[in-house]
Amino acid sequence: MKIGLFFGTFNPIHIGHLILANYMAEFSDLGEVWFVITPMSPFKQKSSLLDNIHRLAIANVAVEDYPKLKTSDIEFKLPQPNYTVNTLIHIEEKYPEHQFCLIMGEDNLKGFHKWKNYETILKNYQLYVYPRISDGTVESELLKHPNVHSVKAPIVQISSTFIRKSIKDKKDIRPMLPANVWNYIDEMNFYKN
């Protein structure tokens, strides 16, 4: 199966993430999309970042009704700091029966040349790029690369930062989160302080 890997802290996962992942699973040649939860760096303690296990639990709740969407905690078990190229090697070793691709926003593609071993990633993996409103342009060589696929997914301008700030400010942002995610966050009193 061809699987798209969608990396992020997902702090918290929201409908924007689900819309993009579902679009990739339904309207491209990907059979599934896996949310790869990026662990909290031991070197960068960020008070607004929930523990790994909570972000994974929230993501699991978010995807439970979508058979083509899964979560992965593979990066939790890798040495930190971790690089995408290392995760790709580990995930291929663990699941040799699948073909893995990267899902990223156009904004990430602009800085892709700064990633560790980006040439290796580009040579060995397909990149599925969704549109983002951001400054700057993507190098035309990257856009023309045979392993880079632009997917005309909907542009969703919701951020986890906005969600966290809104919860702290006691705003009703329930429409921006799946109901089961909102209930989990509310019951656990996450992001309120």
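Everything quoted here is computed from the prediction, not taken from an experiment. (Residues numbered from 1 in each chain as written. Predicted model: local features only at pLDDT ≥ 70, side-chain atom pairs only at ≥ 80, totals over all residues. Heavy atoms only, no water.)

Asker: For this particular structure, what's the right way to read the pairing of strand β4 (residues 99–105)?
Answerer: Remember that side chains alternate between the two faces of the sheet whenever the strand is regular. Buried residues dominate β4, accounting for 6 of its 7 residues. Summarising the sheet, β4 and strand β5 (residues 127–130) pair through 4 bridges and their orientation is parallel. Along β5, the bridge assignment pairs Met104 with Val129. (Buried < 20%, exposed > 50% of the residue type's maximum accessible area, 1.4 Å probe, protein only. Helix = DSSP H or I, 4+ residues; strand = E, 2+ residues; numbered from the N terminus. Pairing = 2+ DSSP bridges.)

Asker: Would you explain the sheet that holds β4 in this entry?
Answerer: The strands that make up a sheet pair up through hydrogen bonds in the backbone, lying either parallel or antiparallel. If you trace the 6 strands from one edge of the open sheet to the other, you get β3-β2-β1-β4-β5-β6, paired in parallel fashion. This sheet does not close on itself; its edge strands, each paired only once, are β3 (69–72) and β6 (148–150). Adjacent strand axes in the sheet meet at a mean angle of 30° when their direction is disregarded. Strand direction decides the pairing type here: strand β2 (residues 32–37) and β3, joined by 4 bridges, are parallel. Each residue of the ladder has a partner; that of Val33, found in β3, is Leu69. The sheet contacts of helix α1 (residues 15–27) involve β1 (2–8), β2, β3, β4 and β5, and relative to β2 the element is tilted by about 145°. (Axes fitted to C-alpha atoms, helices over the stretch in contact; angles between N-to-C directions. Contact = heavy atoms within 4.5 Å.)

Asker: Any chance you could explain the side chain of Asn147 here in plain terms?
Answerer: You can see Asn147 is positioned in the loop between α6 (140–144) and β6. Here the side chain of Asn147 touches Leu122 through a polar contact of 2.8 Å, landing on its backbone oxygen. Here Lys123 takes part through its backbone oxygen, which lies 3.3 Å from a polar atom of the side chain of Asn147. Residue contacts for Asn147: discarding those within four places in its chain leaves Leu122, Lys123, Asn124, Tyr125, Gln126 and Leu127. (Polar contact = N/O pair within 3.5 Å; in protein donor to acceptor, adjacent residues only side chain to side chain.)

Asker: Explain the packing of aromatic side chains to me, please; I cannot follow it from the model alone.
Answerer: Aromatic rings considered in pairs are described by the distance between their centres and by the relative angle of their planes. Per the stated rule, a full pass over the model turns up 12 aromatic pairs. Of the aromatic side chains, those joined through ring pairs into one cluster are Phe6, Phe10, Phe35 and Tyr130. (Phe/Tyr/Trp six-rings, centres within 6.5 Å; stacked < 30°, edge-to-face > 60°.)

Asker: What am I meant to see in the layout of surface pockets here?
Answerer: Gaps between atoms show up when a probe of the same size as a water molecule is rolled over them. Within this model, the largest pocket holds a volume of roughly 1,200 Å³. For the lining of the largest pocket, the secondary structure elements donating two or more residues are β1, α1, β4, α4 (106–110) and α7 (160–168). Top element by residues in the lining of the largest pocket is β4. It accounts for 4 residues. In terms of residue class, the lining of the largest pocket is made up of 18 nonpolar, 17 polar and 6 charged. Roughly 180 Å³ of volume is contained in the second largest pocket. The wall of the second largest pocket is formed by Ser47, Ser48, Leu49, Leu50, Arg164, Lys168, Asn189, Tyr191, Lys192 and Asn193. Looking at the lining of the second largest pocket, its residues break down into 3 nonpolar, 4 polar and 3 charged. (1 Å grid on protein atoms, 1.4 Å probe; cavity = no way out; pocket = protein on both sides within 12 Å on 5 of 7 lines; lining within 4 Å. Points joined across faces, edges and corners; volume = space filled by probe spheres on them. Nonpolar A, V, L, I, M, F, W, Y, C, P; charged D, E, K, R; others polar.)

Asker: Is there a simple way to think about the nonpolar core in this case?
Answerer: One finds Phe6, Ile13, Val33 and Phe35 to be the most contacted residues of the largest nonpolar core, which totals 35 residues. Broken down by secondary-structure element, the contributors of at least two residues to this core are α1, β2, α2 (52–63), β4, β5, α7 and α8 (179–188). Top element by residues in this core is α2. It accounts for 6 residues. Excluding its chain neighbours within four sequence positions, the residues that come into contact with Ile13 are Leu18, Phe35, Ile58, Ala59, Ala62, Leu177 and Val181. Within the second largest apolar cluster, 21 residues are counted, among which are Val36, Val85, Val129 and Val148. (Core = buried A, V, L, I, M, F, W, Y, C linked by side-chain atoms within 4.5 Å.)

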